[in-house]
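# Working through the structure, step by step
Letter by letter, the chains look like this.
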Amino acid sequence: MATISDVAARAGVSTATVSRALNGKSTVDPTLAARVQEAAAELGYHPNGLARNLRRQETAVLALIISDVENPFFTAIARGVEDLAQRSGYSVVLCNSDENEDKERRYIEVALQERVAGVVLSPTGRSTNVEGLRRQGTPLVAVDRPLPAAAGDQVLVDTRHAAAVATRHLLDGGYRRVGCLTGPAGVRTADDRLAGYADVVGEANAVSRRAEYRAEGARLAALELLDEPSPPDALLVANSTMAIGVLEALSARGLRPGRDVGIVSFDDAPWTTLIDPPLTVVAQPAYEVGRVAAQLLLARITDSSRDATTTTLEARLIERKSSRR
């Protein structure tokens, strides 16, 4: 791992100049500052923020990078991570990537620069790059969505099976044309939920739409399905945020959940029991995902030689009136 002395030698300056340049001090000549930045990039050097924190006797820090802070599923994961981390003497810095690859990349870079003790990451998709974390030896645990096994530990939920159970529940309830609203292609959770649905209805009978994991995209996608010549009489919805958009679409068409269109949504958000009729959900153990992820991360910090593990948790169907005729 490169040190500040290595950067100073490469740039031909003193370590004090390197420190001032990397901290953005205006007293450093711009030409020298550029040379230092170039040398640091070539060597893969990042200022040791963790060491600074330890010198100040501050608590060790974990970075939690989640996909959408507005989604109750991810906030429950965050609570699970924080509760265990706090009991173990670590603070948690929450970073919201907002399903945005550029924001995710910037937060990973910040984690590298600050030399955090470890990272819990919910990847935005296939393009997530954790090579810098691996190269620097920063412990990493992926949650909800997988990374290549060699990247670190991961905690997932078997949502393909859960989607199949939910789809079968709708068919058993008397609905005949079940549709599926899922997330973007290439996002593992979205692909798995669509696959679980198709496992039950068959590829030839699948009626589906993809949208961002947002209410507005789901609303528009649901309207498209409802306006088809043979619209679905039931919908499996990939998360609770999308379910809000689906309910808005049903209201716009004068349709009632359950009676006219059966609804099952992933994630048991707090509001799902407050609407009429209450929403049938696939409840994922979000808090447990966060707690197990923090446990694995702290174990990895203690012993980096451990083999990478994948922990897969189960979701459960909670039946309410939105999926009853």
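About the cut-offs
- Residues numbered from 1 in each chain as written.
- Predicted model: local features only at pLDDT ≥ 70, side-chain atom pairs only at ≥ 80, totals over all residues.
- Heavy atoms only, no water.
- Domains from an automatic or database assignment.
- Pairing = 2+ DSSP bridges.
- Helix = DSSP H or I, 4+ residues; strand = E, 2+ residues; numbered from the N terminus.
- Axes fitted to C-alpha atoms, helices over the stretch in contact; angles between N-to-C directions.
- Contact = heavy atoms within 4.5 Å.
- Parallel < 35°, antiparallel > 145°, perpendicular 65-115°, else oblique.
- Nonpolar A, V, L, I, M, F, W, Y, C, P; charged D, E, K, R; others polar.

The protein chain goes by LacI family transcriptional regulator in an unreviewed UniProt entry, where it is assigned to Amycolatopsis balhimycina DSM 5908.

### Points about the domain arrangement of the protein chain
The domains assigned to the protein chain are domain 1 (4-47), domain 2 (56-157 + 286-314) and domain 3 (159-283). The gap between the C-alpha centroids of domain 1 and domain 3 is 54 Å.

### Let's talk about the sheet that holds strand β12 (residues 316-318)
Reading across from one edge, β7-β6-β8-β9-β10-β12 is the order of the six strands in this open sheet, with mixed pairing throughout. In this open sheet, the two strands that pair with only one neighbour each are β7 (208-210) and β12. This sheet shows a mean twist of 15° between the axes of neighbouring strands, independent of strand direction. Here three bridges tie strand β9 (residues 262-266) to strand β10 (residues 280-283), and the two strands are oriented parallel to one another. Counted as the bridge partner of Phe-266 is Val-282 from β10. Sheet strands touched by helix α8 (residues 159-172): β6 (178-182), β8 (234-237), β9, β10 and β12. Its angle to β9, the strand with the most contacts, is close to 165°.

### Describing the packing of helix α2 (residues 15-22) against helix α3 (residues 30-43)
Here α2 crosses α3 at 90°, and the two axes come no closer than 9 Å. Between α2 and α3, the angle is such that the two are roughly perpendicular. Judged by residue contacts, Val-18, Ala-21 and Leu-22 of α2 engage Ala-33, Val-36, Gln-37 and Ala-40 from α3. In terms of residue class, the contact of α2 with α3 is built from six nonpolar, one polar and no charged.

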